[in-house]
There are 2 protein chains.
Amino acid sequence: MASPAVFIGPQENPSLTEAVQRAGGTIVPLAEAEAVIVNGGHGDLPELSEKVRWVQLPSAGIESWFASGVIDDSRTWTSAAGAYSHSVAEGAVALLLAGVRGIGRAARLQSWDSETLDTVQGTLRGSTIAIVGAGGIGSAMIPAFLGLGARVLAVTRRGLPVEGAYETLPADRVSEVFAKADHVVLAAPATAETKALVGAAELAALGPQGWLVNIARGSLVDTDALVEALAAGTIAGAALDVTDPEPLPDGHPLWTTPNAIVTPHSTNPSVLRVGAFIERIEENVRRFGAGEELLGLVDVTRGY
Amino acid sequence: MASPAVFIGPQENPSLTEAVQRAGGTIVPLAEAEAVIVNGGHGDLPELSEKVRWVQLPSAGIESWFASGVIDDSRTWTSAAGAYSHSVAEGAVALLLAGVRGIGRAARLQSWDSETLDTVQGTLRGSTIAIVGAGGIGSAMIPAFLGLGARVLAVTRRGLPVEGAYETLPADRVSEVFAKADHVVLAAPATAETKALVGAAELAALGPQGWLVNIARGSLVDTDALVEALAAGTIAGAALDVTDPEPLPDGHPLWTTPNAIVTPHSTNPSVLRVGAFIERIEENVRRFGAGEELLGLVDVTRGY
C-alpha cells in the first residue's frame, strides 16, 4: 500500500494534517501532490497539475463548485456528502427525546414545577418511531432509537428494506405512518411531493401522545395546521429545526407554544462540521491509499 | 405450566388485568388468589389468606411497607425495584443530549439566534461518557450511548466488568473519571462516600467541553462549586434532575444560568411508572407461572 502524497490548502489545519497522517498519507507541496484536500471556498481552489488524481471538496452540496466551473472530468472529485449525517441525526434524536421527556418545557422553568413534568412526559421505550426519508441522515438515527428500546418504521422512495427498521414503506404510502407510529421524524428532501406532507389530517392521525420532529425542510409541514394542532392538543408536541417561514419571525406563536421546541436550523452546526470533515478525510485518504472506492464521489457529468 | 390465580386490588386497572392475562394468569377474587398484585398504598393492603404465596408491591422503595408491619415471612414478596430504571435512564440520556446539542439553550429562545447554536454544541459521537454508579439505572443508559456512537466508562462499587462499558473502575478510583471522560453522568446512591463527590477539582478536570448530568441525588454535587464552574466556563454545562437544596428555591442562579438545565426530579414521572409497573407485572406473572425466580424479590429478614 503506497503512502498517498496529499496537499491540504489553501488554509492549513493541524487537525486535517493529523487525519491525513493517521490514514497513512504524507503531506507534500502542491506541485508533488496526487491528492488535494480543499480547505476553503471555491474561489480559493489552487491551480491543479495533471499529477492530481483526486480532489476532496469540503462541502456536502457542491452546486457552487460546479457553477464556478472548477470541476473537470480529468480526475476524481469527492464532496463531503454524507459526512454530516451523524450530526444531524444526533440532533434529531436529541430533539425527539427533549420533547417526549419534557425537557424543552423544563428548560423554560424558573420554579420547581414537578407537577407539570410529572404528567406531560412520554417515553420512546416500546414506541414506534417513523423516519420519513431514511437515507443517510434518517438511517443514522436508527442505532440510537434501537438503543432506547424503540422500533423504527422507515419510509424511503422505493421502500427497499432499511437496516434496523422493522418495516420500510415506499414514499407513496407515507400517509400511513402517522397512524401507525407513535412519533414521526421528517428527514426527507424538499420536493413537490413532500410539500406540506404534514397537514391537519396527518397531525390528527399522529394523535395526542405523538411528537413530530422536523430536521428536513420547513416546507414539509403546514405551519398553520401545526400551530393549531399544538394549541388544541391534537398532538403532544413538535420539535423543529427547520420552519416555514424560515427564519421563524419574532413573535411567531411557535416561539411561545409550551409543547413546541424550535432550534434555529442548527442540527449541523459549524462547530461539528470540522470534526466530521476530519473523520471523512481520514477515511477517504485511507481508501485512496488502499485503492478502494472513495466516499462522496461526484458524478461530473450529472453535476452532483 | 399452570395458570396463576391472581387478584389485583384494592384498585382495579384494566391495563394490569390485561398484563396478567398476557402472562397466562387468570384474574380471581381475593379468596381464591395464590398471587396478589397490590395496586394502591400500604394502608390499602387487603387481608391475605394462607393461600397467597406471592405479593407484588407497587413501589421500588418499600421502607414504608416494612414500617407498617404488613410484610411477613410466610410468603414471597416482590417490590418494583428496578422496574423504573429505564425511565430514569432515558431521562439521563435526554438530559445529556439536550445539554450537549444546545437544546436547553434553544428552548429559551424567542428569536432565530442561529449564531449561538452554531458554536455552543458538542456531540456524543466519538466521546467517552462516564457513568458513575452503573447499577440498574446507570447500565440501562449504555445501549443508547453506544447507539449514539459514544463509549462508556463505568464506575461501580467493586469495579467488576459492566456489559457494554469499555472499562469499569471501582468506586475508590472514581476521581479519575473526570479527566478521562468527556462527559459524566451521576447515577450513584447518596452515601457518606458520595457526598459532594463532585467539587471544584472534579469540575476543573472535566473541562470546558464537558457536561455533567445528575439524576442520582443532589448531595453528590457541591452546588456552589458547580454554579461557579458554569459561570466561569470551567465546564460546558450541567443538566440536573436533582439538586441541593431540593426543591431548588426560586431565584437560585441555576434557574437562569444559560448552560444549565434543571428538571424538577422528574426522570421517573408518575405518568411513566404505570407503564413500567405493567411491564413488570407481566414479566413476574409469567415467571410465577413458570416457577422461575421473580424480579424485585424482597429480603424479609434484611428489610429491603
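Please read all numbers here as calculations on a predicted model, not as lab measurements.

Engineer: What am I meant to see in the overall build of chain A here?
Structural biologist: Each helix and strand counted, chain A has 11 helices and 12 strands in total. Projected onto its principal axes, the C-alpha coordinates of chain A cover approximately 65 × 45 × 35 Å. Across the 304 residues that make up chain A, the buried fraction comes to 48%. Partitioning the intrachain contacts of chain A with sequence separation of at least 6 by distance along the chain shows that 59% fall at a separation of at least 24.

Engineer: Would you take a moment to explain the domain arrangement of chain A for this structure?
Structural biologist: By convention, interface size is frequently given as the accessible area that disappears when the constituent parts associate. Domain annotation for chain A reports domain 1 (5-83 + 270-290) and domain 2 (85-262). Using only C-alpha atoms to locate each centre, domain 1 of chain A and domain 2 of chain A end up separated by 35 Å.

Engineer: Sorry if this is basic, but what is going on with the interface of chain A and chain B here?
Structural biologist: Contacts between the two partners involve 50 residues from chain A, matched on the other side by 50 residues from chain B. Elements represented by at least two residues in the side of chain A that touches chain B include exactly helix 3 (85-100), helix 4 (103-107), helix 5 (114-120), helix 7 (142-147), strand 12 (260-262) and helix 11 (270-290) of chain A. Residue composition of the side of chain A that touches chain B, grouped by class: 25 nonpolar, 18 polar and 7 charged.

Engineer: Would you take a moment to explain the pairing of strand 3 (residues 35-39) of chain B for this structure?
Structural biologist: All names here are of chain B. Within strand 3, 4 of the 5 residues are buried, which leaves it mostly tucked inside the rest of the structure. When strand 3 meets strand 4 (residues 54-56), the two strands line up parallel, connected through 3 bridges. By the bridge assignment for strand 4, A35 is matched with W54.

Engineer: How should I be thinking about helix 11 of chain A in this particular structure?
Structural biologist: Residues and elements named next belong to chain A. With 21 residues, helix 11 should cover 30 Å at 1.5 Å per step; its first-to-last C-alpha distance of 30 Å lies within 8% of that length. Within helix 11, the full set of buried residues consists of L272, A276, F277, R280, I281, N284, V285 and F288. The inward-facing, buried residues of helix 11 abut strand 1 (5-10), helix 1 (14-22), strand 3 (35-39), strand 4 (54-56), strand 5 (76-78) and helix 3. Taken from the residues just after helix 11, G291 is the one with a positive phi, measuring 70 degrees.

Engineer: How do you make sense of the sheet that holds strand 4 of chain A when you look at a structure like this?
Structural biologist: Residues and elements named next belong to chain A. With parallel pairing, the 5 strands of this open sheet are ordered in space as 2-1-3-4-5. Every other strand in the sheet has two partners, leaving strand 2 (26-27) and strand 5 as the edge strands with one partner each. Pairing geometry for strand 4 and strand 5, over 3 bridges, is parallel. In the sheet register, V55 faces strand 5, and the bridge partner there is W77. Contacting strand 1, strand 2 and strand 3, helix 1 crosses the sheet at an angle of about 165 degrees to strand 1.

Engineer: It is not clear to me how the relation of the copies chain A and chain B should be interpreted in this structure. Could you clarify?
Structural biologist: The operation relating the two chain copies consists of a rotation about an axis and a shift along that axis. It takes a turn of 180 degrees to lay chain A on chain B, together with a shift of 0.0 Å along the axis; the resulting RMSD is 0.1 Å. What the rotation and shift describe, once combined, is the action of a two-fold rotation axis. Looking at chain A, 100% of its interface residues are interface residues in chain B too, so the copies touch through the same face.

Engineer: It is not clear to me how the pairing of strand 1 of chain A should be interpreted in this structure. Could you clarify?
Structural biologist: In regular strands, side chains alternate between the two faces of the sheet. Residues and elements named next belong to chain A. Note: strand 1 against strand 2, 2 bridges, orientation parallel. Directly across from A5, in strand 2, lies its bridge partner T26. A crossover links strand 1 with its parallel partner strand 2, the connecting element being helix 1, and its sense is right-handed. Pairing analysis gives 5 bridges linking strand 1 to strand 3, with the strands arranged parallel. Following the sheet pairing, P10 is matched in strand 3 by N39.

Engineer: Which parts of the structure should I look at to understand the sheet that holds strand 8 (residues 165-170) of chain A?
Structural biologist: Note on sheets: strands pair through backbone hydrogen bonds, and any given pair is parallel or antiparallel. Residues and elements named next belong to chain A. Here 7 strands make up an open sheet; going across it, the order is 8-7-6-9-10-11-12 and the pairing parallel. Looking at which strands have only one partner, the edges of the open sheet turn out to be strand 8 and strand 12. Mean inter-strand twist for the sheet, computed between neighbouring axes without regard to direction, equals 15 degrees. In the sheet, strand 6 (residues 128-132) pairs with strand 7 (residues 151-156) via 5 bridges, with the strands oriented parallel. The residue of strand 7 that forms the bridge with V132 is V155. Relative to the sheet, helix 3 contacts strand 9 (183-186), strand 10 (211-214), strand 11 (237-240) and strand 12, its axis offset from that of strand 10 by approximately 155 degrees.

Engineer: How should the environment of Q110 of chain A be read in this particular structure?
Structural biologist: Inspection of the secondary structure assignment puts Q110 of chain A in the loop between helix 4 and helix 5. Overall, Q110 of chain A belongs to the partly exposed group, with 13 C-beta atoms counted inside 10 Å. Filtering out sequence-adjacent residues up to four positions away, Q110 of chain A remains in contact with D250, W255 and T256 of chain B.

Engineer: How do you make sense of the nonpolar core when you look at a structure like this?
Structural biologist: Side chains of a nonpolar character, in soluble globular proteins, are inclined to be buried together. Membership of the largest hydrophobic core comes to 196 residues, with the highest contact counts inside it found for V185 of chain A together with V185 of chain B. Those residues within four positions of V185 of chain B in sequence are excluded, and the remaining contacts are A92, L96, I129, A130, I131, V132, M141 and V213 of chain B.

Engineer: Sorry, what's going on with the environment of L148 of chain A here?
Structural biologist: Secondary-structure assignment places L148 of chain A in the loop between helix 7 and strand 7. L148 of chain A sits in the buried class, given 27 other C-beta atoms within 10 Å. For the pair L148 of chain A and L97 of chain A, spaced 51 residues apart in the sequence, the C-alpha separation amounts to 9.8 Å. Beyond its immediate chain neighbours, meaning those up to four positions away, L148 of chain A contacts L124 and R125 of chain A together with E90 and A144 of chain B.

Engineer: Whenever I open this one, the packing of helix 3 of chain A against helix 3 (residues 85-100) of chain B confuses me. Can you help?
Structural biologist: For any two helices packed against each other, the geometry is given by the interaxial angle and the distance between the axes. Interhelical geometry of helix 3 of chain A versus helix 3 of chain B gives an angle of 125 degrees and a closest axis separation of 9 Å. Taken together, the axes of helix 3 of chain A and helix 3 of chain B lie oblique to each other. For helix 3 of chain A against helix 3 of chain B, the interelement crossing comes out left-handed. Counting all contacts with helix 3 of chain A, which are made through V93, A94, L97 and A98 of chain A, the residues of helix 3 of chain B involved are V93, A94, L97 and A98 of chain B. In terms of residue class, the contact of helix 3 of chain A with helix 3 of chain B is built from 8 nonpolar, no polar and no charged.

Engineer: Honestly, unusual backbone geometry in this entry has me stumped. Any pointers?
Structural biologist: That bond from E246 of chain A to P247 of chain A is cis: its omega, -5 degrees, falls within 30 degrees of zero. In this fold, P247 of chain A is placed in the loop between strand 11 and strand 12. Of note, the phi angle at H265 of chain A is positive, near 50 degrees, even though the residue is not glycine. With respect to the helices and strands, H265 of chain A occurs in the loop between strand 12 and helix 11. Even without glycine at this site, A196 of chain B takes up a positive phi of about 50 degrees.

Engineer: How do you make sense of the environment of Y84 of chain A when you look at a structure like this?
Structural biologist: All names here are of chain A. Tracing the chain through its elements places Y84 in the loop between strand 5 and helix 3. For Y84 and A144, which are 60 residues apart along the polypeptide, the C-alpha to C-alpha distance reads 16 Å. Setting aside anything within four residues of it in sequence, one finds Y84 in contact with A60, N268, R273 and A276.

Quick notes on the rules
Residues numbered from 1 in each chain as written. Chains lettered and ligands numbered in written order. Predicted model: local features only at pLDDT ≥ 70, side-chain atom pairs only at ≥ 80, totals over all residues. Helix = DSSP H or I, 4+ residues; strand = E, 2+ residues; numbered from the N terminus. Buried ≥ 20, exposed ≤ 12 C-beta atoms within 10 Å, placed from the backbone. Contact = placed C-beta atoms within 7 Å. Domains from an automatic or database assignment. Nonpolar A, V, L, I, M, F, W, Y, C, P; charged D, E, K, R; others polar. Pairing = 2+ DSSP bridges. Expected span 1.5 Å × (residues − 1). Axes fitted to C-alpha atoms, helices over the stretch in contact; angles between N-to-C directions. Least-squares fit on C-alpha atoms with pLDDT ≥ 70 in both. Right-handed = clockwise from strand over helix to strand, strands pointing away. Core = buried A, V, L, I, M, F, W, Y, C linked by C-beta atoms within 7 Å. Parallel < 35°, antiparallel > 145°, perpendicular 65-115°, else oblique. Left-handed = near helix turned anticlockwise from the far one by under 90°.

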